[in-house]
Amino acid sequence: QVDLVESGGGSVQAGGSLTLSCETRVMIYSSRFMGWFRQAPGMEREGVAIMSPTSRTTYYADSVKGRFIISRDDRKNTVHLQMNSLKPDDTGVYYCVAGMLPTGGTWDNLGNFGYWGQGTQVTVAS
């Protein structure tokens, strides 16, 4: 079965907004840190935003702080990423992720996340 189901990608002009959504099953949603990584053409994957399952502690890449907001909807087992003031550099494939953050580790290590979505394309035109 598919563990993480992504939606909400698309094309937008610079300065516009998009909202990504990621729905999962309760076993994952209730216990895992969740959020998104992204991969621009020719670049490596980078962490975008992550939220903890209970305290809702958030982590953001410096490049998106103040523009992106991650949130959780407990009733729907869904995490959302509101992306505002989008820039061309935000273009890439966005992957929903779920996993655990070890004490002493960094939030955006790829190895923290054992669950990955299929990816959704976000394109921001100049």
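Definitions and limits used
Every residue gets a number counted from 1 within its own chain, in the order that chain's sequence is written. For a predicted model such as this one, the threshold for reporting local features is a pLDDT of at least 70, and the threshold for listing and counting side-chain atom pairs is 80 or more; totals across whole chains, interfaces and linings nevertheless cover every residue. Side-chain metrics rest on all non-hydrogen atoms present in the structure, leaving aside hydrogens and water. Sulfur atoms of two cysteines make up a disulfide when they are within 2.5 Å. Numbering of helices and strands starts at the N terminus; helices are DSSP runs of H or I of at least 4 residues and strands are runs of E of at least 2. Only protein chains enter the accessibility calculation, which uses a 1.4 Å probe; a residue is then buried when its area is under 20% of its type maximum, exposed when over 50%, and partly exposed in between. In this description, strands pair whenever DSSP reports at least two bridges between them. In this analysis, rings of Phe, Tyr and Trp, with Trp reduced to its six-membered ring, are considered paired at centre separations within 6.5 Å, and the interplanar angle assigns stacked below 30 degrees, edge-to-face beyond 60, and tilted for intermediate values. In this scheme, the term charge over a ring applies when either NZ of a lysine or CZ of an arginine sits within 6 Å of the ring centre and within 35 degrees of the ring normal. The contact criterion used is simple: two residues touch if any of their non-hydrogen atoms lie within 4.5 Å. Inter-axis angles, ranging from 0 to 180 degrees, are taken between N-to-C directions of lines fitted to C-alpha atoms, where helices are fitted over the stretch in contact. Throughout this description, the term nonpolar core refers to a set of buried Ala, Val, Leu, Ile, Met, Phe, Trp, Tyr and Cys residues connected via side-chain atoms within 4.5 Å.

Taken as a whole, this structure holds one disulfide when the rule is applied. Across the disulfide, Cys22 is cross-linked to Cys96 (sulfur-sulfur distance 2.0 Å). Note on the Cys22 and Cys96 pair: the S-S dihedral is about -85°, so by sign convention the disulfide is left-handed. Within this pair, whereas Cys22 is found in strand β3 (residues 18–24), its partner Cys96 is found in strand β9 (residues 92–99), the two being separated by 74 residues in sequence. An identical accessibility class is assigned to Cys22 and Cys96; each is buried.

Glancing now at the pairing of strand β1 (residues 4–7). Because side chains alternate across β1, one face comprises the buried residues Leu4 and Glu6, and the other comprises Val5 and Ser7, none of which is buried. In terms of strand pairing, β1 meets β3 through four bridges, oriented antiparallel. Looking across to β3, one finds that Leu4 is bridged to Thr24.

All right, on to the packing of aromatic side chains then. This structure, assessed with the given rule, holds four aromatic pairs. Ring centres 5.4 Å apart and planes at 65° place the aromatic pair Phe37 and Phe113 in the edge-to-face group. Of this pair, Phe37 sits in strand β4 (residues 33–39) while Phe113 sits in strand β10 (residues 113–116), and the two are 76 residues apart along the sequence. Comparing Phe37 with Phe113 shows no difference in burial state: the two are buried. The structure contains a cluster of three or more aromatic residues connected by ring pairs, namely Phe37, Tyr95, Phe113 and Trp116. The side chain of Arg45 reaches across the aromatic face of Tyr95, ending 3.9 Å from its centre. Looking at Arg72, its charged tip hangs above the ring of Tyr29, at a distance of 4.7 Å from the centre.

Turning our attention to the environment of Gly99. With respect to the helices and strands, Gly99 occurs in strand β9. You can call Gly99 buried: its relative accessible area is 5%. Discounting chain neighbours no more than four positions away, the residues touching Gly99 are Arg32, Phe33, Asn112, Phe113 and Gly114.

This part takes up the sheet that holds strand β7 (residues 68–73). Spatially, four strands are ordered β1-β3-β8-β7 in an open sheet, and the strand pairing comes out antiparallel. If you trace the sheet from one side to the other, it starts and ends with β1 and β7, each paired once. Sheet twist, expressed as the mean angle between neighbouring strand axes with direction ignored, is 15°.

Counting residues in hydrophobic clusters, the biggest one holds 26 residues, and the most contacted among them are Trp36, Phe68, Leu81 and Met83. Elements that contribute at least two residues to this core include exactly β3, α1 (26–29), β4, β5 (46–51), β7, β8 (78–83), β9 and β11 (120–125). Apart from the residues lying within four places of it in its own chain, the contact partners of Met83 are Gly16, Ser17, Leu18, Leu20, Arg67, Phe68, Tyr94 and Val122. Of all hydrophobic cores here, the second largest spans seven residues; its members include Phe37, Ile50, Trp107 and Phe113.

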